[in-house]
Amino acid sequence: MASVIIACILAAGAPAFDTAEAAAIAGLRESATLPRSQSFEAAGIVYRCGDAYTYSDQKVGNDRFGFKYSVRLPDGAILAALFHTHPHQVTEADPTKFSPDDMAQADKLGVPSYILVVRYREVRRYSFGGKASGVLVGRFK
Ligand SMILES: [Zn+2]
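Residues numbered from 1 in each chain as written. Predicted model: local features only at pLDDT ≥ 70, side-chain atom pairs only at ≥ 80, totals over all residues.

Asks: Mind showing me how you'd approach the pairing of strand β1 (residues 42-49) here?
Replies: If a strand is regular, its side chains alternate between the two faces of the sheet. Taking burial as the measure, the eight residues of β1 include eight buried ones, the bulk of the element. Going residue by residue along β1, you find A42, G44, V46 and R48 tucked away on one face and A43, I45, Y47 and C49 tucked away on the opposite face as well. Bridge analysis of β1 against strand β4 (residues 78-86) gives six bridges, and the strand direction is antiparallel. Bridge pairing in β4 places G44 opposite F83. As paired elements, β1 and strand β2 (residues 52-55) share four bridges and run antiparallel to each other. Bridge assignment links Y47 to a residue of β2, and that residue is T54. The turn linking β1 back onto β2 is made up of two residues, and G50 within it adopts a positive phi angle of 60 degrees. (Buried ≥ 20, exposed ≤ 12 C-beta atoms within 10 Å, placed from the backbone. Helix = DSSP H or I, 4+ residues; strand = E, 2+ residues; numbered from the N terminus. Pairing = 2+ DSSP bridges.)

Asks: Help me out: how do you make sense of helix α1 (residues 20-31) in this one?
Replies: Because each turn of an α-helix spans 3.6 residues, side chains separated by three or four positions in sequence point in the same direction. An ideal rise of 1.5 Å per residue puts 16 Å on twelve residues; α1 measures up with 16 Å between its terminal C-alpha atoms. Every buried residue of α1 is accounted for by A20, E21, A23, A24, I25, G27, L28 and S31. (Expected span 1.5 Å × (residues − 1).)

Asks: Is there a simple way to think about the pairing of β4 in this case?
Replies: In terms of burial, β4 is largely enclosed, as seven of its nine residues are buried. Pairing of β4 with strand β5 (residues 113-117), which is carried by five bridges, proceeds in the parallel orientation. In the strand pairing of β5, L82 is matched with S113.

Asks: Help me understand the environment of S133 in this model?
Replies: Mapping S133 onto the fold places it in strand β7 (residues 133-139). With 17 C-beta atoms packed within 10 Å, S133 lands in the partly exposed category. Sequence spacing of S133 and P112 is 21 residues, and the spatial spacing of their C-alpha atoms is 9.8 Å. Those residues in contact with S133 that sit more than four places away from it in its chain are F98, M103 and Y126. (Contact = placed C-beta atoms within 7 Å.)

Asks: Could you clarify how one ought to interpret the environment of T85 in this entry?
Replies: Inspection of the secondary structure assignment puts T85 in strand β4. Accessibility expressed as a C-beta count within 10 Å gives 27 for T85, which makes it buried. As a C-alpha pair, T85 and G27 span 58 residues in sequence and 10 Å in three-dimensional space. Aside from chain neighbours lying at most four places away, what touches T85 is L28, S31, A32, S37, E41, A42, I115, L116 and V118.

Asks: Help me understand unusual backbone geometry in this model?
Replies: Phi is mostly negative for residues that are not glycine, and the peptide bonds are mostly trans. Unlike most non-glycine residues, R36 shows phi in positive territory, near 75 degrees. Secondary-structure assignment places R36 in the loop between α1 and β1. Look at R36 and you get exposed, because 12 C-beta atoms sit within 10 Å. For F128, which is not glycine, the phi torsion reads 55 degrees and is therefore positive. With respect to the helices and strands, F128 occurs in the loop between β6 (122-126) and β7. What makes F128 buried here is the crowd of 20 C-beta atoms within 10 Å.

Next up, the structure:
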């Protein structure tokens, strides 16, 4: 009998975290530094690779009302969370709120979603499945 385990191997130098939430917060911290991220949404994903969580490269949109992006997971990696920014130029409504699309995406994928509210430098979580939305989980200095 041959049995195989498809293992994810974290890229050398990739940031590693103990929790998906820590990785999402670090990813959002990086998102806020990207060119154009003060005007447009930046987004990425968190995945589990072996025992560690890490975040993907981020994409910055070019439309006022969000954008679509794609990410390739490394072999064996497991999607663990989504994250994106809410620059106030994009979000005319309360930027601390997840949009219906934000929540639908997290529900569909079955993972929590995190937003950085750029104006307040706050990180907020939606725990998917209709659970509490907009829970404050971090604040940048
Ligand atoms: Zn959003």
